[in-house]
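Here is what each chain is made of, one letter per residue.
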Amino acid sequence: MKAEAQTTGWAWLASGPALLWLWAPILAISMTHLLTPASVDWLHDVLRRLYYVPIIGAAFLFGLRGSVVAALASTLLYLPHAFLMAGMQDSMLHQDPTGTANKVLEVLLYNVVGLVTGLLAEREHRSRLEVERKIEQMLALEQQLVRSGRLQALGQLTAGLAHEIRNPLASLKTAVTIVSDEIPTTSPRRRFVEILGKELDRLDALLTRFLAFARPGQVNLVEVDLALVMERAKELVHAQAELRGVRLEAETNGPALVRGDLDQLTQVLLNVLLNAIQFSRPKSRVRVRREEQVLPHGHYQVISILDEGPGIAPDQLERIFDPFFTSRADGTGLGLSIASRLMDEHGGYIDVANRPEGGARIQLYLPGHKA
């Protein structure tokens, strides 16, 4: 069944497929039936049953509406030929020579077949869409599992490297402190010591972020209202959004309780929001909204972040969650990686896609409870 027939009202009646597979066959059968002499009764039997072909075809092309319309059209075109041409023996047009009972039964069957095949086609269409949706969800979960395994392995590697780097880094900071005490504040060399101290502090902050990715910390699962999480994250990124000229819009749709860690969930949404703002154009908007979704694998509270930026390159859709991967010159590539790890800790996952109207859509799926 074609999707356009389900979304454009009755415009499909004048569409090319309708003309080719619905109206043309019905009119051709009707004209041939009318012009066939009454003496060729076997051909009348064949033509009378050919109406079922466009009726069934319309069911698969246009659903229940298509098959019902085809059945009614076949009925209206067949009725005059069946019952109203008894006195037109001298005309080119001929009446169907079969008995009245056969004609009445045929008309009845046109509409019964139209109704039944239309209902079956509608059910098959819905089943196919449901299967396609489940396959997409299974693929998303499979990608999430692969991503989680990859992030866990990289996290363990990062934790080991960070531990090895932190010890000499602490020694360097101690040495800089001791050396700085030996150099007078008026010495030109004092400036280089201060630069060294600042760079070591920057490296320490970067190392802290690496460790946050490797070990997200203990998750304290309690009842958390996602409306509060959204409000806190919005307040934290408000200044950044104003600085870039981006308008923030949030739709909480009322309270929604999940089991989670308030601070970590806020960090997840904060990281995703900052990423959306940084890639948004000036005077555009970033929307945050929450909704409930019942999926085959569970009931979820979903927070969607929609931006109006350039979107994500197809070859980067999965790589954006890899640690240290970034398309920004000043980025560390850890924000979305940390967010993905924290979502794993909460039993949820992140889905990312490009929007047809432009921009990106990132959705946070958290296990919820039915209201």
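Since the model is a prediction, treat every value here as computed from it, not as a measurement.

Analysis parameters
- Residues numbered from 1 in each chain as written.
- Predicted model: local features only at pLDDT ≥ 70, side-chain atom pairs only at ≥ 80, totals over all residues.
- Heavy atoms only, no water.
- Helix = DSSP H or I, 4+ residues; strand = E, 2+ residues; numbered from the N terminus.
- Buried < 20%, exposed > 50% of the residue type's maximum accessible area, 1.4 Å probe, protein only.
- Contact = heavy atoms within 4.5 Å.
- Areas by Shrake-Rupley, 256 points an atom, 1.4 Å probe, with all protein chains shown as cover.
- Core = buried A, V, L, I, M, F, W, Y, C linked by side-chain atoms within 4.5 Å.
- Polar contact = N/O pair within 3.5 Å; in protein donor to acceptor, adjacent residues only side chain to side chain.
- Expected span 1.5 Å × (residues − 1).
- Axes fitted to C-alpha atoms, helices over the stretch in contact; angles between N-to-C directions.
- Parallel < 35°, antiparallel > 145°, perpendicular 65-115°, else oblique.
- Nonpolar A, V, L, I, M, F, W, Y, C, P; charged D, E, K, R; others polar.
- Patch = residues over 30% accessible without salt bridge, like charges linked within 9 Å, V, L, I, M, F, W, Y side chains within 5 Å.
- Salt bridge = Lys/Arg side-chain N within 4 Å of Asp/Glu carboxyl O.
- Phe/Tyr/Trp six-rings, centres within 6.5 Å; stacked < 30°, edge-to-face > 60°.
- Lys NZ or Arg CZ within 6 Å of the ring centre and 35° of its normal.
- Pairing = 2+ DSSP bridges.
- Left-handed = near helix turned anticlockwise from the far one by under 90°.

Can you break down the overall build of the protein chain residue by residue, with the values?
From N to C terminus, the protein chain includes nine helices and seven strands. Residues classed as buried in the protein chain amount to 40% of the 371 residues present. Here the analysis covers contacts within the protein chain between residues at least 6 apart in sequence; of these, 72% occur between residues at least 24 apart. Carbon together with sulfur atoms contributes 62% to the accessible area of the protein chain, which is approximately 20,300 Å² in total.

An account of the nonpolar core is requested, with residue identities and associated values reported.
Counting 37 residues, the largest nonpolar core has L226, L269, L273, V286, I303, I305 and L364 as its most contacted members. Taken together, the elements giving at least two residues each to this core come down to α7 (226–244), α8 (262–278), β4 (285–295), β5 (298–306), α9 (335–345), β6 (349–354) and β7 (360–367). Here this core takes eight residues from α8, the largest share from any one element. When sequence neighbours within four positions are dropped, the list of residues in contact with L269 reads V229, M230, A233, V288, I303, I305 and L364. Counting residues in each nonpolar core, the second largest holds 19 residues, with I26, Y51, Y52 and A73 among its members.

Kindly report on unusual backbone geometry, identifying the contributing residues and their values.
You will see that N253, though not glycine, has its phi angle at about 55°, which is positive. Its location among the elements puts N253 in the loop between β2 (247–251) and β3 (257–260). If you check the backbone angles, K283 has positive phi at about 70° while not being a glycine.

So what about the side chain of S304? Which residues, and what values?
Its location among the elements puts S304 in strand β5. Among the residues examined, S304 registers a relative accessible area of 1% and is labelled buried. One polar contact links S304 to Q363, side chain to side chain, over a distance of 3.1 Å. Here S304 is in contact with R287, V288, R289, E291, I362 and Q363, once residues within four sequence places are set aside.

Outline α8, supporting the account with residue identities and numerical values.
Because each turn of an α-helix spans 3.6 residues, side chains separated by three or four positions in sequence point in the same direction. Between its terminal C-alpha atoms α8 stretches 24 Å, which fits the 24 Å expected from 17 residues at 1.5 Å a residue. Turning to α8, its buried residues are Q264, L265, T266, V268, L269, L270, N271, V272, L273, A276 and I277. Residue D261 occupies the N-cap position of α8, its side-chain oxygen lying 3.1 Å from the main-chain nitrogen of D263.

Mind laying out the packing of helix α3 (residues 41–50) against helix α4 (residues 52–83), listing which residues take part and the relevant values?
Between α3 and α4, the least distance of the axes is 10 Å, while the angle of their chain directions is 135°. It follows from the interaxial angle that α3 and α4 lie oblique. Touching H44, R48, R49 and L50 of α3 are Y52, V53, P54, Y78 and H81, all from α4. Along the lines of polarity and charge, the residues of the contact of α3 with α4 split into five nonpolar, two polar and two charged.

Outline the environment of L295, listing residues and values.
As for its position among the elements, L295 is in strand β4. L295 sits 162 residues away from R133 along the chain, and the two C-alpha atoms are 9.5 Å apart.

Got a sec to walk through a nonpolar patch on the surface? Specific residues and values, please.
Together, V68, L72, L105, L108, L109, V112, L115, V116, L119 and L120 make up a nonpolar patch on the protein surface, roughly 810 Å² of accessible area in all. Sorting the residues of the nonpolar patch by element identifies α4 and α5 (100–182) as the ones contributing at least two each. A total of eight residues in the nonpolar patch trace back to one element, the largest contributor, which is α5. Among the secondary structure elements, L120 is positioned in helix α5.

So, the packing of aromatic side chains: which residues are in play, and what are the values?
Enumeration over the complete set of coordinates arrives at seven aromatic pairs. Measuring from centroid to centroid gives 6.0 Å for Y300 and Y365, while their planes differ by 80°, and the two rings are edge-to-face. Here the residue Y300 occupies a position in strand β5, and Y365 occupies one in strand β7, the gap between them amounting to 65 residues. For the pair formed by Y300 and Y365, the shared burial category is buried. Its end group placed over the ring of F192, R191 keeps NZ or CZ at 5.8 Å from the ring centre.

So what's going on with the sheet that holds β4? Residues and values would help.
Spatially, the five strands line up as an open sheet ordered β2-β4-β5-β7-β6, and their pairing is mixed. Taken across any chain shown, the strands that pair with only one partner, and hence form the sheet edges, are β2 and β6. Ignoring which end each strand starts from, the neighbouring axes of this sheet average 20° apart. Inspection of the sheet shows β5 paired to β7 by seven bridges, in the antiparallel sense. When the sheet's bridge partners are listed, I303 is paired in β7 with L364. In the packing of α7 onto the sheet, the strands contacted are β2, β4, β5 and β7, and the crossing angle to β2 comes to about 175°.

So what about the packing of α8 against α9? Which residues, and what values?
Running from amino to carboxyl end, α8 crosses α9 at an angle of 145°, the nearest separation of the two axes being 9 Å. Between α8 and α9 lies a crossing of left-handed hand. Taken together, the residues of α9 that come into contact with α8 (itself represented by Q264, Q267, V268, N271, V272 and N275) are G335, L336, I338, A339, L342 and M343.

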